[in-house]
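Residue-level listing of the chains:
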Amino acid sequence: MEVINKIYMIWGDKCGRFPFSNSLYIDDKIKTIIDTGAGYHKYSKFNGEVDLIINSHYHLDHIRYNYLFSNAEIIIHESDISAMQDLNKFAKTYGGELVFGSEWIDKWEKEISSQANKHSSQGFVYESEYFKSIGKVHNTYSSGDKVSCGNIIFEIVHTPGHSAGHCSFFFPEQNLCFATDYNVGSSFGPWYGGEDSDLDLLIQSAKKLIDLDAKYYINSHDQQIYYKKDFSTKLEEFLEVIEVREKQILDLIEKGYSVKDLCNEGIIYSKKYLYLEWVKIWETVMIIKHINRLEEKGILKCILKW
Ligand SMILES: [Zn+2]
């Protein structure tokens with residue numbers, strides 16, 4: 001779908017819901033795609049003929065189909081490139097070692113290398129197809145860089161917090177902001193389940209997006225073009241989810257919950273998904289981020305039992 005002259009959205013499969021995401025395509029002298037998680041068939045018309053792939057961050061739903069573009073230069077923010085170097089660093093940055101230890105990462109790596117696209121009861125994060133793009137990034141970009149595709153020029157807006165190198169993209173002439181994982185249309189709320197995530201930075205970065213002189217906002221996981229006013233209202237509701245989670249955590253701590261109890265409660269993800277090891281990692285990391293934040297703010301004074 002052409003959003004504005006020569007700028008197209010490739011909406012992700014399943015309405016862009018995780019583990020898919022939207023891509024933005026710029027049909028200019030330098031043919032450019034931002035993020036490659038829309039779906040395998042969504043990229044068939046390009047026959048791999050794209051010059052530049054820009055990843056907004058290292059998460060698997062945004063980098064998944066980089067491997068289809070073997071002739072393209074692939075770039076990512078300098079703070080996220082290490083996570084893309086190999087599977088081990090990828091899993092570590094996501095928090096795999098923190099939650100299950102380094103041996104678990106070795107086991108996971110072995111398993112996905114032998115799975116060859118077979119379905120696992122552990123879900124998509126055990127399917128090797130998802131990981132073909134890791135280790136295939138060529139270069140980095142930095143905060144504030146301007147990217148010229150020929151006639152269309154856009155700016156890199158570093159919006160850390162979701163991941164250390166998470167970026168959004170501002171097209172000043174088109175008044176457009178691709179706000180990537182500020183998924184204001186989802187009731188899930190913000191995600192900060194990587195070891196490199198930072199809750200307070202995520203909130204600060206949201207303000208950066210609103211301060212842009214943009215009229216239109218698009219994100220990675222729904223199919224809406226928001227006017228600034230609507231995006232701004234939705235963004236506030238989106239960030240309020242953090243406070244709701246925090247309150248729930250505090251209430252449960254009052255009742256005597258240990259860290260382990262909190263991680264098993266299904267505060268972020270539904271309890272029924274916690275048997276999935278990767279979901280368990282993200283749930284645990286997010287709970288730990290909240291506990292650390294409560295301690296830093298001086299709200300949590302007792303030492304919690306693990
Ligand atoms: Zn993400």
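Residues numbered from 1 in each chain as written. Predicted model: local features only at pLDDT ≥ 70, side-chain atom pairs only at ≥ 80, totals over all residues.

**With respect to the sheet that holds strand 3 (residues 23-26)**
Put simply, the rule is: For two strands to count as paired, DSSP must find a minimum of two bridges between them. Each helix is a run of H or I in the DSSP string that is no shorter than four residues. Each strand is a run of E no shorter than two, and both are numbered from the N terminus. Fitted lines through C-alpha atoms give the axes, limited to the stretch in contact for helices. The angle between two N-to-C directions lies from 0 to 180 degrees.
The strand order across the open sheet formed by seven strands is 1-2-3-4-5-6-7, and the pairing between neighbours is mixed. The open sheet terminates on both sides in strands that have one partner only, identified here as strand 1 (2-4) and strand 7 (139-141). Going across the sheet, the axis of each strand differs from the next one's by a mean of 30°, ignoring polarity. The pairing of strand 1 with strand 2 (residues 7-10) spans two bridges and is classified as antiparallel.

**What about the packing of helix 6 (residues 228-254) against helix 8 (residues 277-296)?**
Relative placement of two packed helices is described by the angle separating their axes and the distance separating the axes. Counted only if it meets this: Put simply, angles under 35 degrees are roughly parallel, angles over 145 are roughly antiparallel, angles from 65 to 115 are roughly perpendicular, and the rest are oblique. Two residues form a contact once the distance between their C-beta atoms, set from the backbone, is within 7 Å.
Helix 8 packs onto helix 6 with a crossing angle of 80° between their chain directions and a minimal axis gap of 11 Å. With respect to their mutual orientation, helix 6 and helix 8 come out roughly perpendicular. Contacts from Arg245, Glu246 and Ile249 in helix 6 reach Ile287, His290 and Leu294 in helix 8.

**A short note on the domain arrangement of the protein**
The line we're drawing: Segment limits for the domains were obtained from an automatic or database-derived domain assignment. As a working rule, the residues Ala, Val, Leu, Ile, Met, Phe, Trp, Tyr, Cys and Pro are called nonpolar, Asp, Glu, Lys and Arg charged, and the rest polar, with Gly in that last group.
Here the protein is partitioned into domain 1 (2-86 + 135-236) and domain 2 (242-296). Averaged C-alpha coordinates put domain 1 and domain 2 at centres separated by 28 Å. Each partner contributes to the interface: domain 1 provides eight residues, whereas domain 2 provides six residues. Within the side of domain 1 that touches domain 2, the residues separate by chemical class into three nonpolar, four polar and one charged.

**Details of the nonpolar core**
We apply this condition: Throughout this description, the term nonpolar core refers to a group of buried Ala, Val, Leu, Ile, Met, Phe, Trp, Tyr and Cys residues whose C-beta atoms join them within 7 Å. We call a residue exposed when 12 or fewer other C-beta atoms sit within 10 Å of its C-beta, buried when the count reaches 20 or more, and partly exposed for counts in between; the C-beta positions come from the backbone.
By size, the foremost hydrophobic cluster in this structure holds 70 residues, and its most contacted members are Ile53, Met84, Phe169, Cys177 and Phe178. The element that contributes the greatest number of residues to this core is helix 8, accounting for seven residues. If you count residues domain by domain, this core takes at least three from each of domain 1 (2-86 + 135-236) and domain 2 (242-296). If sequence neighbours within four positions are ignored, phenylalanine 178 has contacts with Leu24, Ile34, Ser168, Phe169 and Ile218.

**Some words on unusual backbone geometry**
Here the residue pair phenylalanine 18 and proline 19 is connected by a cis peptide bond, since its omega of 10° sits within 30 degrees of zero. Its location among the elements puts proline 19 in the loop between strand 2 and strand 3. Its identity is not glycine, yet asparagine 47 carries a phi of approximately 45°, on the positive side. By the element assignment, asparagine 47 lies in the loop between strand 4 (32-34) and strand 5 (52-54). We note that threonine 180 has phi near 35°; this positive angle belongs to a residue other than glycine. Mapped onto the secondary structure, threonine 180 falls in the loop between strand 11 (176-178) and helix 5 (199-211).

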